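Structure at a glance
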Amino acid sequence: MNNFYPGPSKVYESVPKLVKKAYNKGILSVNHRSPTFQKVYHKAVILLKEKLKIPAEYEVYFTSSATECWEIIAQSLIKENSIHLYNGAFGEKWFKYTSKLKGEAKALTFNLDSEPEAQSYQQDTICLTINETSNGTRVPLASLSAIRATNPDALVAVDATSSMAGQYIPFDKADICYASVQKCFGLPAGLGIMICSPKAIARAEEIGERAHYNSLLFVRENALKYQTHYTPNVLSIYLLMATLKKHGGIDKVDKLIQQRYESWLTFFSRYSQLQMLTGNTNVQSRTVLAIKAEAATIDKMKKKAISKGIILGNGYGKWKEDTFRIANFPAIKDKEISNLEKFLKSFFK
Ligand SMILES: *Cc1c(COP(=O)(O)O)cnc(C)c1O
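Residues numbered from 1 in each chain as written. Predicted model: local features only at pLDDT ≥ 70, side-chain atom pairs only at ≥ 80, totals over all residues. Heavy atoms only, no water.

1. Remarks on the site of the ligand
- The immediate surroundings of the ligand are formed by 14 residues, with Thr67, Thr133, Asp159, Ser180 and Lys183 found nearest.
- Between threonine 133 and the ligand, the recorded distance is 2.4 Å, taken from a side-chain N or O atom to an oxygen atom.
- Take glutamine 182: an N or O atom from its side chain is 3.1 Å from an oxygen atom of the ligand.
- Considering each element in turn, the shell around the ligand owes the most residues, three residues, to helix α3 (residues 66-76).
- Along the lines of polarity and charge, the residues of the shell around the ligand split into three nonpolar, nine polar and two charged. (Near = heavy atom within 4 Å. Polar contact = N/O pair within 3.5 Å; in protein donor to acceptor, adjacent residues only side chain to side chain. Helix = DSSP H or I, 4+ residues; strand = E, 2+ residues; numbered from the N terminus. Nonpolar A, V, L, I, M, F, W, Y, C, P; charged D, E, K, R; others polar.)

See below:
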C-alpha cells in the first residue's frame with residue numbers, strides 16, 4: 001500500500017526488522033524501572049536532542065499521546081488562563097479540552113490565509129498549533145518568534161504533532177512543544193513527546209500541582225531518572241531510539257520535505273480541478289497538503305486510488321467533503337510519490 005494518510009501514517013520500512021530485534025533483545029517485556037529500560041530511554045532522549053536540535057537546557061518527557069499533553073498543560077502549566085490562537089480542528093480541540101479544565105480559556109481564531117497576530121496578550125499561556133493537520137496550514141517561524149518576543153512573560157505552548165521531525169522547529173522560541181510519533185516520526189501510534197524549557201519547568205514548580213498521575217512535576221521526577229510516570233510503550237521508545245539513530249539530522253530532513261512540497265505545488269498547478277486549500281504559500285504546511293476539489297471528484301478519486309493501492313487522506317472537520325490531504329512525511333519514499341503522481345495524471349487525463 002502507498003499510504004498518504006496524515007496520521008496514523010506510513011511507518012518506516014525498517015520497523016518490522018527493528019521489532020524483531022527488540023523482541024530478540026527482550027525489550028518487549030522489559031521492566032520499565034530496570035537499567036535496561038533506562039538506557040534505552042536515555043539514548044532516545046540524547047538522539048532526539050541531537051537530531052532535532054533541541055537546546056541542551058530543555059527537557060524531554062514521554063507521554064502516551066499529544067492529547068495527553070493538552071491535559072498536562074492545562075492542569076500543570078496554565079496559571080490563570082490561556083489564549084488559543086487557531087484556524088482549524090486540532091487548535092479548536094485543544095481549546096475545548098483546556099476550557100473544561102481551566103474555565104477562563106479564550107479562543108482567538110484567524111482565517112486560513114493568514115497568520116496569528118503578534119500582539120501582547122493578557123493571558124499567562126499562549127497556545128499555538130503550528131502545523132494544523134486538519135487544513136494543511138502552518139504558523140510561519142517568523143510569526144512564532146514575533147509572538148514570543150511580544151509576550152516575554154507568557155509561556156508559549158506549541159502543538160507540532162504533524163511537523164516535528166519533518167520540519168525544523170526553533171525550540172528556543174517555545175516553552176512547551178509536543179508531538180506524537182505516528183506522524184513525521186514514521187512510527188506506529190501510541191507515544192507522545194513533550195519538550196519543556198527551563199521557564200516552563202519553573203512555572204510548573206511555581207504552581208506546584210501534584211494531583212494527577214500525569215502532573216508535570218511527577219512526570220519530570222520520573223524523567224530525571226530516565227523513567228516514565230506510567231508503564232510506557234517501551235517498544236515505541238525503542239523504535240524511536242533506533243530510527244533516530246538511522247536517519248539524518250533535521251536540517252537534511254527539512255530540506256527534503258521542502259523540496260517535495262515544492263514539487264507537489266508545481267504538480268498541482270497543472271490541474272485546474274485541484275487547488276491548494278489556502279493559496280498563501282507562506283502559511284501552507286510543508287508536511288500536510290490539503291487540496292480542494294469538487295466533492296464528487298474527490299469521492300471518485302479516493303475510490304479509484306484505493307483500487308490502485310494508494311490511500312489518500314480524507315478531508316477533516318468542515319473540510320471533509322471538498323478537500324483531501326496528502327502527508328508529506330519523511331517515511332514516504334520517492335517511488336511512492338511518483339506512483340501517486342502517475343495515478344493523478346491518469347485520473348485527470
Ligand atoms: C494528530 C494530532 C493530534 C493528536 O495526536 P494524538 O497522538 O492522537 O493524541 C493533535 N494535534 C495535531 C495537530 C495532530 O495532528
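Okay, back to it.
2. Observations concerning the pairing of strand β9 (residues 176-180)
- Of all five residues in β9, five are buried; the element is thus mostly enclosed.
- Of the two faces of β9, the one holding Ile176, Tyr178 and Ser180 and the one holding Cys177 and Ala179 are both buried throughout.
- Across three bridges, the pairing between strand β8 (residues 155-159) and β9 is parallel. When the bridges of β9 are listed, aspartate 159 appears paired with tyrosine 178.
- Of the pairings in the sheet, the one linking β9 to strand β10 (residues 192-196) comprises five bridges and is antiparallel in character. Bridge pairing in β10 links cysteine 177 to isoleucine 195. (Buried < 20%, exposed > 50% of the residue type's maximum accessible area, 1.4 Å probe, protein only. Pairing = 2+ DSSP bridges.)

3. Section: the sheet that holds strand β14 (residues 313-314)
- One open sheet accounts for four strands, arranged β11-β12-β15-β14; its pairing is antiparallel. The outermost strands of the open sheet, each flanked by one partner alone, are β11 (275-276) and β14.
- Two elements, β14 and strand β15 (residues 323-327), share two bridges in a ladder whose sense is antiparallel. Residue glycine 313 lies in a different strand from β15, and its bridge partner there is arginine 325.

4. Observations regarding helix α5 (residues 141-150)
- What α5 keeps buried is the set Ser143, Leu144, Ile147 and Arg148. Along the axis of α5, the buried positions cluster into a sector of 135°, meaning they face one direction only. The exposed set on the far side of α5, more than 90 degrees from its buried face, consists of Ala142 and Ala149.
- Along its buried surface, α5 packs onto β3 (82-86), β5 (125-129), β8 and α6 (198-207). (Arc of directions from axis to C-beta. Contact = heavy atoms within 4.5 Å.)

5. A closer look at the sheet that holds β9
- Strand order in this open sheet of seven strands is β2-β10-β9-β8-β5-β3-β4, and the pairing throughout is mixed. The open sheet is flanked by β2 (59-63) and β4 (106-109), the only strands paired with a single partner. Sheet twist, expressed as the average angle between the axes of neighbouring strands with direction ignored, equals 20°.
- Pairing between β2 and β10: five bridges, direction antiparallel. By the bridge assignment, threonine 63 is partnered in β10 with glycine 192.
- Of the strands in this sheet, β3, β4, β5, β8 and β9 are in contact with helix α4 (residues 89-101), which crosses β3 at around 160°. (Axes fitted to C-alpha atoms, helices over the stretch in contact; angles between N-to-C directions.)

6. A look at helix α8 (residues 234-246)
- Given a rise of 1.5 Å per residue, 13 residues ought to cover 18 Å, and the 19 Å separating the end C-alpha atoms of α8 matches this to within 8%.
- Along α8, the residues classified as buried are Val234, Ser236, Ile237, Tyr238, Leu239, Leu240, Met241, Ala242, Thr243 and Leu244.
- In this fold, the buried residues of α8 make contact with α1 (15-24), α2 (35-52), β2 and β10. (Expected span 1.5 Å × (residues − 1).)

7. Notes on the pairing of β5
- Summarising burial for β5: five of the five residues are buried, a large majority.
- Alternating residues of β5 divide into Thr125, Cys127 and Thr129 and Ile126 and Leu128, and every residue in both groups is buried.
- Of the pairings in the sheet, the one linking β5 to β8 comprises five bridges and is parallel in character. Counterpart to threonine 129 in the pairing with β8 is aspartate 159.

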